[in-house]
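Commentary on secondary and tertiary structure
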Amino acid sequence: MSANYDDAILIDGLVIARFSRAVFEDIIRRDGDFHRAHYNLGVVNASEGKVQAARQSFRTAARLAPRDASIRYNLAILNRRDDGDVREELRAYREVLSLDPKLTEAHLALGMLLADPGTPRNLRDSVEAARHLERFLALAPSSDEEGRTQANEWLAWLRANG
């Protein structure tokens, strides 16, 4: 294995911008069943706005690692960008949380979606929204100031608007 292969494994979705897509494509050529390489390639594609390529990479990663919640979470985000199907997005976030109940980003996303006035009325649920936003606050690191601000603002909005 090359040093790049080891580095790619260590970064695992973190600061991957310094690695080119070629690194992950090379890993996939050598080991097509290495789901994290497909996942990381999906992150690179998504960051470059290549939604279809990102979706394909995440789907391959999900096929190889069906219980990996972070892969499912990224697929949910891509689906929202692409087709805006709120019912499917809600289902996807709930599936993610069934795989990993501590995935903070999914709690925040689900809470905001359930509270959002732009969500169809029959799909909104202020009680469930508040529960997910509070769970996010309980689990998220204190360094996630942006997420904490969003959660607190949505909770305040829910208290004021029911």
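Conventions adopted
- Residues numbered from 1 in each chain as written.
- Predicted model: local features only at pLDDT ≥ 70, side-chain atom pairs only at ≥ 80, totals over all residues.
- Heavy atoms only, no water.
- pLDDT = per-residue confidence, 0-100.
- Helix = DSSP H or I, 4+ residues; strand = E, 2+ residues; numbered from the N terminus.
- Contact = heavy atoms within 4.5 Å.
- Salt bridge = Lys/Arg side-chain N within 4 Å of Asp/Glu carboxyl O.
- Buried < 20%, exposed > 50% of the residue type's maximum accessible area, 1.4 Å probe, protein only.
- Axes fitted to C-alpha atoms, helices over the stretch in contact; angles between N-to-C directions.
- Parallel < 35°, antiparallel > 145°, perpendicular 65-115°, else oblique.
- Left-handed = near helix turned anticlockwise from the far one by under 90°.
- Nonpolar A, V, L, I, M, F, W, Y, C, P; charged D, E, K, R; others polar.
- Core = buried A, V, L, I, M, F, W, Y, C linked by side-chain atoms within 4.5 Å.

**Here we look at the confidence of the model for the protein**
Overall, the predicted model of the protein reaches an average pLDDT of 86, with 86% of residues at or above 70. Mean pLDDT across the secondary structure elements of the protein bottoms out at helix 1 (residues 3-11), with 38, and peaks at helix 8 (residues 126-139), with 98. Note on residues 1-17: pLDDT under 50 across the span, and 25 contacts to partners over four residues away in sequence or across chains.

**Re the pattern of salt bridges**
Scanning the model with the defined rule gives 7 salt bridges in all. Note that Arg36 is salt-bridged to Asp68, the shortest N-O span being 2.5 Å. Highlighted residues: Arg36 in helix 3 (residues 35-47) and Asp68 in the loop between helix 4 (51-64) and helix 5 (69-83), separated in sequence by 32 residues. As far as burial versus exposure is concerned, Arg36 and Asp68 are alike and both buried. In this structure, Lys50 engages Glu48 in a salt bridge whose closest nitrogen and oxygen atoms are separated by 3.3 Å. Ionic contacts of the salt-bridge type, sharing partners, join the residues Asp26, Arg29 and Arg30 into one network.

**What to know about the packing of helix 6 (residues 86-99) against helix 7 (residues 104-115)**
Contact pair helix 6 / helix 7: the axes reach a minimum separation of 10 Å and the direction vectors enclose 150 degrees. Between helix 6 and helix 7, the crossing angle belongs to the class labelled roughly antiparallel. Crossing hand, helix 6 versus helix 7: left-handed. Contact residues: Val86, Glu89, Leu90, Tyr93, Arg94, Val96 and Leu97 in helix 6; Ala106, His107, Ala109, Leu110, Leu113 and Leu114 in helix 7. In terms of residue class, the contact of helix 6 with helix 7 is built from 10 nonpolar, 1 polar and 2 charged.

**Side note on the packing of helix 7 against helix 9 (residues 145-161)**
Where helix 7 contacts helix 9, the axes come no closer than 11 Å and their chain directions differ by 30 degrees. By the angle class used here, helix 7 and helix 9 are roughly parallel. You can see that helix 7 and helix 9 cross each other, and the crossing is left-handed. Residue-level inspection shows Leu108, Met112 and Ala115 of helix 7 in contact with helix 9, the latter providing Gly147, Gln150, Ala151, Trp154, Trp157 and Leu158.

**Quick look at the nonpolar core**
In terms of nonpolar packing, the biggest core is built from 29 residues, with Tyr73, Leu90, Tyr93 and Leu133 touching the most fellow members. For this core, the secondary structure elements donating two or more residues are helix 5, helix 6, helix 7, helix 8 and helix 9. In this structure, Leu90 is in contact with Leu110, Leu113, Leu114 and Leu123, ignoring residues within four places of it in sequence. With 11 residues, the next largest nonpolar core counts Tyr39, Ile71, Leu75 and Leu78 among its residues.

**Some remarks on the environment of Asn40**
You can see Asn40 is positioned in helix 3. As a C-alpha pair, Asn40 and Glu25 span 15 residues in sequence and 9.8 Å in three-dimensional space.

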